[in-house]
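Now for the letters of each chain:
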Amino acid sequence: AQSVAQPEDQVNVAEGNPLTVKCTYSVSGNPYLFWYVQYPNRGLQFLLKYITGDNLVKGSYGFEAEFNKSQTSFHLKKPSALVSDSALYFCAVRASTDSWGKLQFGAGTQVVVTP
Amino acid sequence: EPEVTQTPSHQVTQMGQEVILRCVPISNHLYFYWYRQILGQKVEFLVSFYNNEISEKSEIFDDQFSVERPDGSNFTLKIRSTKLEDSAMYFCASSEARGQGARNQPQHFGDGTRLSIL
């Protein structure tokens, strides 16, 4: 069975400071990892994914994430946070052996960026 | 940019009534999904659908639930006899097929239907 843990319910950061949202996973075989963002009253919006290759992946809106196989982590980062980055962030995993693509989501981390 | 659209945005229904939630996936996508998010909880997988049949379903997706793709564009989720605990936000998602199927493609989500059971 696969699972995702987001250890922080909320992350507070001042605008302009670096932002990190943590995610660890458990899956059989190789993981396919995703980050999504949810703004109020909206659906989940895809940010980036790791499938294979370079451990550092870049995505939308200046976000990037680093895959660390030994630590089974996939932390989301942004060098300089904006107030508009305030939202709910979800990490998700699927097994590489899963043909149908079911996603297992973490509980979500609320990011609050203050001016 | 193409979007997944869901209607209605909010559905209020009496317990025991049938409800149909509607979704229009992105037009060239072949894999379709329903997820739900109970208030304050994580997003949970309900069902995946490919080639006009269910490919996988979770334990949540019991006999009260069904999905259908009645035409070339719509994808619906029906709950036959709603219960209070069905109150949640329901998200439709779709992904395209390339190479290894749906495995490495991101899913694109609609804005959801908030279902409130009274």
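Notes on the structure follow.

1. Points about the interface of chain B and chain A
Taken together, the contact pairs 22 residues of chain B with 24 residues of chain A. Each partner contributes to the roughly 2,100 Å² buried at the junction of chain B and chain A, and carbon and sulfur atoms together form 52% of this total. The interface formed by chain B and chain A holds two salt bridges in total. Between D111 of chain B and R42 of chain A there is a salt bridge, with the nearest N and O atoms lying 3.0 Å from each other. Where chain B meets chain A, there are seven residue pairs in polar contact (both at pLDDT 80 or more). Tallied by class, residues from the side of chain B that touches chain A come to ten nonpolar, eight polar and four charged.

2. What to know about the environment of R22 of chain B
Residue and element names in this part refer to chain B. In this fold, R22 is placed in strand β3 (residues 19-24). On the basis of relative accessibility, which here comes to 40%, the residue R22 falls in the partly exposed class. Put simply, R22 and P8 are 14 residues apart on the chain and 7.2 Å apart in space, counted from C-alpha to C-alpha. Excluding its chain neighbours within four sequence positions, the residues that come into contact with R22 are T5, Q6, T7, W34, F75 and T76.

3. Quick look at the pattern of salt bridges
Following the criterion strictly, the structure yields six salt bridges over all chains and no others. The residue D85 of chain A makes a salt bridge to K78 of chain A at a minimum N-O spacing of 2.9 Å.

4. Overview of the sheet that holds strand β8 (residues 75-79) of chain B
Hydrogen bonding along the main chain pairs the strands of a sheet, whether they run parallel or antiparallel. Residue and element names in this part refer to chain B. Within the open sheet, the four strands sit side by side as β1-β3-β8-β7. Their pairing is antiparallel. Strands with a single pairing partner mark the edges of an open sheet, and in this sheet they are β1 (5-7) and β7 (65-68). With direction set aside, neighbouring strand axes in the sheet form an average angle of 20°. As paired elements, β7 and β8 share four bridges and run antiparallel to each other. Residue E68 lies in a different strand from β8, and its bridge partner there is T76.

5. Some thoughts on the packing of aromatic side chains
What the rule picks out here adds up to 19 aromatic pairs over all chains. An angle of 50° between the planes, with centres 5.6 Å apart, marks the rings of F63 of chain A and Y89 of chain A as tilted. Of this pair, F63 of chain A sits in the loop between β7 (56-58) and β8 (64-68) while Y89 of chain A sits in strand β10 (residues 87-95); the two residues are 26 residues apart in sequence, bridging distant segments of the chain. Comparing F63 of chain A with Y89 of chain A shows no difference in burial state: the two are buried. Each ring, one from F105 of chain A and one from Y35 of chain B, has its centre 5.7 Å from the other, and the planes form 85°; the classification is edge-to-face. Taken together, the positions of F105 of chain A in strand β11 (residues 104-105) and Y35 of chain B in strand β4 (residues 31-37) put the pair across two chains. A relative accessible area of 0% places Y35 of chain B in the buried class. Clustering of aromatic rings is evident, with ring pairs tying together Y36, F46, F90 and F105 of chain A together with Y33, Y35, F45, F91 and F109 of chain B.

6. A short note on the nonpolar core
Counting 28 residues, the largest nonpolar core has L19, W35, L47, L48, F74, L76 and Y89 of chain A as its most contacted members. Of all the secondary-structure elements, those providing two or more residues to this core are β2 (10-14), β3 (19-21), β5 (31-38), β6 (44-50), β8, β9 (73-78), β10 and β12 (109-114) of chain A. Take this core: its biggest share by element is five residues, from β10 of chain A. Residue contacts for L19 of chain A: discarding those within four places in its chain leaves V11, V13, F63, L76, K77, K78, A81 and V111 of chain A. V19, I38, I60 and A88 of chain B belong to the second largest nonpolar core, which has 23 residues in total.

7. Examining the pairing of β6 of chain A
All names here are of chain A. Sheet analysis places β5 next to β6, joined by six bridges and oriented antiparallel. If you follow L33 over to β6, its bridge partner there is Y50. The turn linking β5 back onto β6 is made up of five residues, and N41 within it adopts a positive phi angle of 60°.

Quick notes on the rules
Residues numbered from 1 in each chain as written. Chains lettered and ligands numbered in written order. Predicted model: local features only at pLDDT ≥ 70, side-chain atom pairs only at ≥ 80, totals over all residues. Heavy atoms only, no water. Contact = heavy atoms within 4.5 Å. Buried area = accessible area lost by both parts, 1.4 Å probe. Salt bridge = Lys/Arg side-chain N within 4 Å of Asp/Glu carboxyl O. Polar contact = N/O pair within 3.5 Å; in protein donor to acceptor, adjacent residues only side chain to side chain. Nonpolar A, V, L, I, M, F, W, Y, C, P; charged D, E, K, R; others polar. Helix = DSSP H or I, 4+ residues; strand = E, 2+ residues; numbered from the N terminus. Buried < 20%, exposed > 50% of the residue type's maximum accessible area, 1.4 Å probe, protein only. Pairing = 2+ DSSP bridges. Axes fitted to C-alpha atoms, helices over the stretch in contact; angles between N-to-C directions. Phe/Tyr/Trp six-rings, centres within 6.5 Å; stacked < 30°, edge-to-face > 60°. Core = buried A, V, L, I, M, F, W, Y, C linked by side-chain atoms within 4.5 Å.

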